[in-house]
Amino acid sequence: MRDENCVFCKIIEGKIPSNTIYEDEEFKVILDISPASKGHALLLPKEHYADIYEIDEELLGRAMKLAKKLAIHMTEVLGCDGFNILQNNHEVAGQTVFHFHMHLIPRYQNAKNDDILMWNHESFTAEEFAEIRDALKL
Ligand code: 5GP
Ligand code: ZN
């Protein structure tokens, strides 16, 4: 399944070039064109799913296994000091390409932009936490 207007589907089909670091029947892993750090990569399932809500859960499990393999490999090769795995869903959460992907972001001590992924903290009262907890309990 592909979406003809999707930039990642075009990359997967080879219609748009990319710096590919890994490929198999189900996944392609490319360097992000606008990286947060040296080696920042995107793990793309070849099937088009818009986001976490749509993606097949077995495929997602295999994507996470591959992310671990790549995190180990990239850390060895790049000599990075840490690693973020990030996955955005919907515009409000920062998603700009609506084809499910996982960001693989190597992190370096003393990096110039070491405030990647920093957020301001919200605060809630104990009652509010309890209300949130009760609403979310599965
Ligand atoms: P999102 O914001 O949706 O989580 O992440 C989309 C990512 O895709 C961004 O980090 C952006 O730099 C990257 N991106 C967008 N277009 C292209 C492209 O044509 N090629 C590559 N390699 N990355 C892209
Ligand atoms: Zn797509």
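Each remark here, short or long, concerns the structure printed above.
Note that the coordinates shown come from a computational prediction; the quantities given were computed from them, not determined experimentally. (Residues numbered from 1 in each chain as written. Chains lettered and ligands numbered in written order. Predicted model: local features only at pLDDT ≥ 70, side-chain atom pairs only at ≥ 80, totals over all residues. Heavy atoms only, no water.)

> Can you help me understand the site of ligand 1 in this one?
Surrounding ligand 1, one finds 16 residues, the nearest of these being Asp32, Gly94, Thr96, His101 and His103. A distance of 2.9 Å separates an oxygen atom of ligand 1 from a polar side-chain atom of Asn88. Backbone polar atom of Thr96 to an oxygen atom of ligand 1: 2.7 Å apart, as the coordinates give it. Notes on ligand 1: free accessible area 520 Å², of which the protein chains cover 82%. Those elements giving two or more residues to the shell around ligand 1 turn out to be α1 (7-12) and β2 (27-31). The element contributing the most residues to the shell around ligand 1 is α1, with three residues. Split by residue class, the shell around ligand 1 holds eight nonpolar, seven polar and one charged. (Near = heavy atom within 4 Å. Polar contact = N/O pair within 3.5 Å; in protein donor to acceptor, adjacent residues only side chain to side chain. Areas by Shrake-Rupley, 256 points an atom, 1.4 Å probe, with all protein chains shown as cover. Helix = DSSP H or I, 4+ residues; strand = E, 2+ residues; numbered from the N terminus. Nonpolar A, V, L, I, M, F, W, Y, C, P; charged D, E, K, R; others polar.)

> Looking at this structure, how should I read the coordination of the zinc ion (ligand 2)?
Around a metal, the idealised angle for a tetrahedral arrangement of four donor atoms is 109.5 degrees; for an octahedral arrangement of six donor atoms it is 90 or 180 degrees. With distances of 2.1 to 2.3 Å, the protein atoms coordinating the zinc ion (ligand 2) are Cys6 (SG), Cys9 (SG), His48 (ND1) and His99 (ND1). Summarised as a motif, the one-chain spacing of the donors to the zinc ion (ligand 2) is C-x2-C-x38-H-x50-H. Of this pair, Cys9 sits in helix α1 while His48 sits in the loop between β3 (41-45) and α2 (57-78), and the two are 39 residues apart along the sequence. Assigned by exposure class, Cys9 and His48 land together as buried. (Donors = N, O, S within 2.8 Å, 3.2 Å for Na, K, Ca; no water. Buried < 20%, exposed > 50% of the residue type's maximum accessible area, 1.4 Å probe, protein only.)

> Explain the pairing of strand β5 (residues 102-107) here, please?
Looking along a regular strand, one sees the side chains alternate between the two faces of the sheet. Counting buried positions along β5 gives six out of six residues, so the element sits mostly inside the fold. Neither face of β5 is open: one carries Met102, Leu104 and Pro106, the other His103, Ile105 and Arg107, and all of them are buried. In the sheet, β3 pairs with β5 via three bridges, with the strands oriented antiparallel. Paired with Leu42 across the bridge in β5 is His103. (Pairing = 2+ DSSP bridges.)

> Help me understand a nonpolar patch on the surface, please; the structure alone is not making it clear to me.
Residues Phe124, Phe129, Ile132 and Leu136 make up a contiguous nonpolar surface patch of about 400 Å² in total accessible area. Within the secondary structure, Phe129 is located in helix α3 (residues 126-136). (Patch = residues over 30% accessible without salt bridge, like charges linked within 9 Å, V, L, I, M, F, W, Y side chains within 5 Å. Salt bridge = Lys/Arg side-chain N within 4 Å of Asp/Glu carboxyl O.)

> Quick question: what am I supposed to make of the pattern of salt bridges here?
Between side chains of opposite charge, a pair can form as their charged atoms come close. One pass over the full model with this rule turns up five salt bridges. Among the salt bridges present, the one from Arg133 reaches Asp134, with a minimum N-O distance of 3.1 Å. Look at Arg133 and you get partly exposed, because its relative accessible area is 46%. With a relative accessible area of 46%, Asp134 lands in the partly exposed category.

> Explain the sheet that holds β2 to me, please; I cannot follow it from the model alone.
Hydrogen bonding along the main chain pairs the strands of a sheet, whether they run parallel or antiparallel. Taken in spatial order, the five strands line up as β1-β2-β3-β5-β4 in an open sheet, and their pairing is antiparallel. The strands lining the two open edges of the sheet, one partner per strand, are β1 (20-23) and β4 (82-86). Each strand of the sheet is rotated relative to its neighbour by a mean of 20 degrees, with strand direction disregarded. As defined by bridge partners, β4 adjoins β5 across five bridges and the pair is classed as antiparallel. Its bridge partner lying in β5, Phe83 is registered against Pro106. Across the sheet, α2 is in contact with β1, β2, β3, β4 and β5; its angle to β5 comes to roughly 20 degrees. (Axes fitted to C-alpha atoms, helices over the stretch in contact; angles between N-to-C directions. Contact = heavy atoms within 4.5 Å.)

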